[in-house]
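Close look at the chain arrangement
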Amino acid sequence: MKPLVTGAIIGLLLVVFVFAWIYLASQGKVPVIQAPLEWVSTPVRIAALLILAAVVGVVYFAMFPAKKRPS
């Protein structure tokens, strides 16, 4: 239960950080990446998102391995 709560808190903080960064970038107060991503196709974007999610999952389960249940 503790890793679930920790993950939820970290996820919430990450979302708040991203939205704060977007807001500050729209005000011109933080650097903005000027990368033209229009040429990247939708399947490539989805694949990159899935790969990123898999990496986050692997790192998470490496840091917090599942407890083995006695059989």
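Residues numbered from 1 in each chain as written. Predicted model: local features only at pLDDT ≥ 70, side-chain atom pairs only at ≥ 80, totals over all residues. Heavy atoms only, no water.

Summed over the entire model, instances satisfying the criterion amount to two aromatic pairs. Seen in terms of ring centroids, Phe-17 and Trp-21 are 5.8 Å apart; in terms of plane orientation they differ by 45 degrees. Their pairing is tilted. Of this pair, Phe-17 and Trp-21 both sit in helix α1 (residues 2-26), separated by four residues, roughly a single helical turn. Taken together, a centroid distance of 5.4 Å and an interplanar angle of 75 degrees make the contact between Tyr-60 and Phe-61 edge-to-face. (Phe/Tyr/Trp six-rings, centres within 6.5 Å; stacked < 30°, edge-to-face > 60°. Helix = DSSP H or I, 4+ residues; strand = E, 2+ residues; numbered from the N terminus.)

Turning to its location among the elements, Leu-12 is positioned in helix α1. Residue classification places Leu-12 among the exposed positions, given a relative accessible area of 55%. Each C-alpha atom, one on Leu-12 and one on Ala-54, is 19 Å from the other, the two residues being 42 residues apart in sequence. (Buried < 20%, exposed > 50% of the residue type's maximum accessible area, 1.4 Å probe, protein only.)

Let's shift gears to the layout of surface pockets. If you add up the space inside the largest pocket, you get close to 230 Å³. For the largest pocket, the full set of lining residues is Thr-6, Gly-7, Ile-10, Gly-11, Leu-14, Val-56, Gly-57, Val-59, Tyr-60, Met-63 and Phe-64. Elements represented by at least two residues in the lining of the largest pocket include exactly α1 and α2 (42-63). Taken together, the residues of the lining of the largest pocket sort by class into seven nonpolar, four polar and no charged. (1 Å grid on protein atoms, 1.4 Å probe; cavity = no way out; pocket = protein on both sides within 12 Å on 5 of 7 lines; lining within 4 Å. Points joined across faces, edges and corners; volume = space filled by probe spheres on them. Nonpolar A, V, L, I, M, F, W, Y, C, P; charged D, E, K, R; others polar.)

Let us look at the environment of Val-40. One can find Val-40 in the loop between α1 and α2. Residue Val-40 is classed as buried on the basis of its relative accessible area, which comes to 17%. Linking Val-40 and Met-63, residues 23 residues apart in sequence, is a C-alpha distance of 33 Å.

The next point concerns a nonpolar patch on the surface. Taken together, the side chains of Leu-14, Val-15, Phe-17, Val-18, Phe-19, Trp-21 and Ile-22 present a nonpolar region at the surface, about 690 Å² in accessible area. Along the chain, Ile-22 falls in helix α1. (Patch = residues over 30% accessible without salt bridge, like charges linked within 9 Å, V, L, I, M, F, W, Y side chains within 5 Å. Areas by Shrake-Rupley, 256 points an atom, 1.4 Å probe, with all protein chains shown as cover. Salt bridge = Lys/Arg side-chain N within 4 Å of Asp/Glu carboxyl O.)

Right, let's talk about α1 for a bit. Each full turn of the α-helix corresponds to 3.6 residues, which orients residues three or four apart in the same direction. The terminal C-alpha atoms of α1 lie 36 Å apart, and with 25 residues this matches the ideal 36 Å at 1.5 Å per residue to within 8%. In the stretch just after α1, Gly-28 is the one whose phi turns positive, near 80 degrees. (Expected span 1.5 Å × (residues − 1).)

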